[in-house]
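# Fold and contact review
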Amino acid sequence: MRYHIWTIGCQMNKADSERIAGYLEQIGYQASPNADDAEIIVLNSCVVRQSAEERVINKLSALKSLKRDKILALTGCIVDSKVDDLRRRFPHVDLFFAPQAFGELSQFLIERGIAPDEGQPGLVLPVNPSPSTFVTIIQGCNNFCSYCIVPYRRGRERSRPIEEIVCEVEGLVARGVREVTLLGQTVDSYGHDLPRKPALADLLGQLNRIDGLARIRFLTSHPKDMSERLIEAMARLEKVCEHVSLPLQAGDDEILRAMGRGYNAQKYRDVVSRIRQAIPHIALSTDVIVGFPGESEEQFQKSYDLLSELRFDTVHVACYSPRPGTIASRKLEDDVPAEEKVRRRERIEELQQGIATEINARLLGSTVEVLVQNRKNGKWWGRTRTDKLVFFVDDADRLGQLVKIRIEKTSPWSLQGSLAR
Ligand code: SAM
Ligand code: SF4
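Residues numbered from 1 in each chain as written. Chains lettered and ligands numbered in written order. Predicted model: local features only at pLDDT ≥ 70, side-chain atom pairs only at ≥ 80, totals over all residues. Heavy atoms only, no water.

## Points about the site of ligand 2
- Taken together, the neighbourhood of ligand 2 is formed by Cys 141, Asn 143, Phe 144, Cys 145, Tyr 147, Cys 148, Val 150, Pro 151, Gln 185, Thr 186, His 222 and Arg 261.
- Among the residues making up the shell around ligand 2, the classes are represented as 7 nonpolar, 4 polar and 1 charged. (Near = heavy atom within 4 Å. Nonpolar A, V, L, I, M, F, W, Y, C, P; charged D, E, K, R; others polar.)

Rendered as structure tokens:
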């Protein structure tokens, strides 16, 4: 018996899909790369932008003819609290379950006589995890940025207890994992809802002590929640990597206010400078939205100028996409024409390509530590502590190893080199 999981969206969805796969393998199913050959198909959806939602809907339609006696389950951010509408639109879907409501999937399979009735699955780990694996530590979001659908679909913030996360990471390390990336929409607000209010810095301290674990990362941080204690912990704990993902979203104060981000450009600059002072070689990545309602050319230029000033290693830039139910879609007119949004996006992409070319070129001739994650087209690939993608060729099996690579070629997107002797 086989299962097939199709996933789009953020790392959280990828982490959830790995857990779903772990559960299905626990009950005796095997992974299938094609939906055609599978008895159970799970779609893990994203609706953060309209383009993602359209892909999910196309996929659901394409599966209609394939369905026959297969079980089709839909999860991820398309599933909100009111599934009646989804049921009407997609009657061929057997089960809708909210993100991470794994219990609902197992209950359904138990009722169908497919899974053994051993109660709710406890801690489910991926069966063959990648050497670098994602671990969700806080779900949901309390921020309600005016453009964002996430809080409506993933609910309010819920942190997992420290002991549970430590136990999961120990289990992953026992299965060969060397690096974990702790996930949350606002990962740096971790713990405020737990009884003893531990902070992310406390969790990092505990994970840093796990033998066999080589590296720890976390994303995504919210600039307003980036505390001195967290910066100090990142600087002090040797396993915590020199990489932070800190979404800026816009460089203009009025737009930031309309987005409801809770900081202005100067506060963002201050956070970056505190991080860079404490950890001089840190790599920074960010997210930016262009064409937010009312964004003038001058306001867009402020995003552009701030990105040129702060010089990020990576920038993810998205055209604003109105999401039904969000504050912006209810109250603000989507008045920047589509072609203008694309022009602004391309200007930032071009700027960033130049910056990343220069930042990466500085690594030419240096030796970096790479955690090898996989092999593609005859080349091993992995990432540095600063999250740079590195390719190299070697005949030996290097999967999961930490190797030293001398960099011989650089580009804005990746580095190439060979084993340092
Ligand atoms: N929690 C993170 C934060 O505070 O920025 C990011 C979460 S969001 C799911 C991932 C990215 O999608 C955001 O950083 C934003 O750039 C983009 N995004 C979210 N809503 C969007 C929208 N309505 N239109 C365009 N991009 C959007
Ligand atoms: Fe969305 Fe804002 Fe929450 Fe990020 S912080 S998930 S952008 S509401």
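Read on for the rest.
## Observations concerning the pairing of strand β17 (residues 402-410)
- Inspection of the sheet shows strand β14 (residues 367-376) paired to β17 by 5 bridges, in the antiparallel sense. Along β17, the bridge assignment pairs Val 368 with Ile 405.
- As paired strands, β17 and strand β18 (residues 415-419) are joined by 5 bridges and run antiparallel to one another. Bridging across to β18, Thr 410 finds its partner in Leu 415.
- Following β17, the chain reverses through 4 residues before pairing antiparallel with β18. (Pairing = 2+ DSSP bridges. Helix = DSSP H or I, 4+ residues; strand = E, 2+ residues; numbered from the N terminus.)

## Examining the sheet that holds strand β3 (residues 40-45)
- The strand order β2-β1-β3-β4-β5 describes an open sheet built from 5 strands, whose pairing is parallel. Where the open sheet ends on each side, the last strands, each with one partner, are β2 (30-31) and β5 (95-96).
- With 2 bridges joining them, strand β4 (residues 71-76) and β5 adopt parallel strand pairing. In the strand pairing of β5, Ala 73 is matched with Leu 95.
- With respect to the sheet, helix α2 (residues 50-64) is in contact with β1 (2-7), β3 and β4, its orientation differing from that of β3 by roughly 165°. (Contact = heavy atoms within 4.5 Å. Axes fitted to C-alpha atoms, helices over the stretch in contact; angles between N-to-C directions.)

## Examining the pattern of salt bridges
- On inspection of all chains with the given rule, the structure shows 34 salt bridges.
- Among the ionic pairs, Lys 341 bridges to Asp 334, the shortest N-O distance being 2.9 Å.
- Bridged by salt links that share partners, the residues Glu 179, Arg 215, Arg 217, Glu 369, Arg 383 and Asp 387 form one connected network. (Salt bridge = Lys/Arg side-chain N within 4 Å of Asp/Glu carboxyl O.)

## Re the nonpolar core
- With 72 residues, the main nonpolar core has Ile 137, Leu 182 and Leu 200 as its most contacted residues.
- It is helix α6 (residues 162-174) that contributes the most residues to this core, 6 residues altogether.
- For Leu 200, the contacting residues outside a window of four places in its chain are Ile 137, Leu 182, Val 187, Asp 188, Tyr 190, Phe 218 and Leu 230.
- Among the nonpolar cores identified, the runner-up in size contains 24 residues, and Ile 8, Ala 38, Cys 46 and Ile 78 belong to it. (Core = buried A, V, L, I, M, F, W, Y, C linked by side-chain atoms within 4.5 Å. Buried < 20%, exposed > 50% of the residue type's maximum accessible area, 1.4 Å probe, protein only.)

## Concerning the site of ligand 1
- With respect to spatial proximity, 15 residues lie near ligand 1, and among them Tyr 147, Gln 185, Gln 249, Asp 287 and Ser 321 are the closest.
- Tyr 147 is positioned with one of its backbone polar atoms (N or O) 3.0 Å from a nitrogen atom of ligand 1.
- Here a nitrogen atom of ligand 1 sits 2.8 Å away from a polar atom, N or O, in the main chain of Ser 321.
- A total of 560 Å² of accessible area belongs to ligand 1 in isolation, and the protein chains cover 91% of it.
- Here the shell around ligand 1 is composed, by residue class, of 8 nonpolar, 3 polar and 4 charged. (Polar contact = N/O pair within 3.5 Å; in protein donor to acceptor, adjacent residues only side chain to side chain. Areas by Shrake-Rupley, 256 points an atom, 1.4 Å probe, with all protein chains shown as cover.)

Remember, this is a structural readout, not a statement about activity or role.
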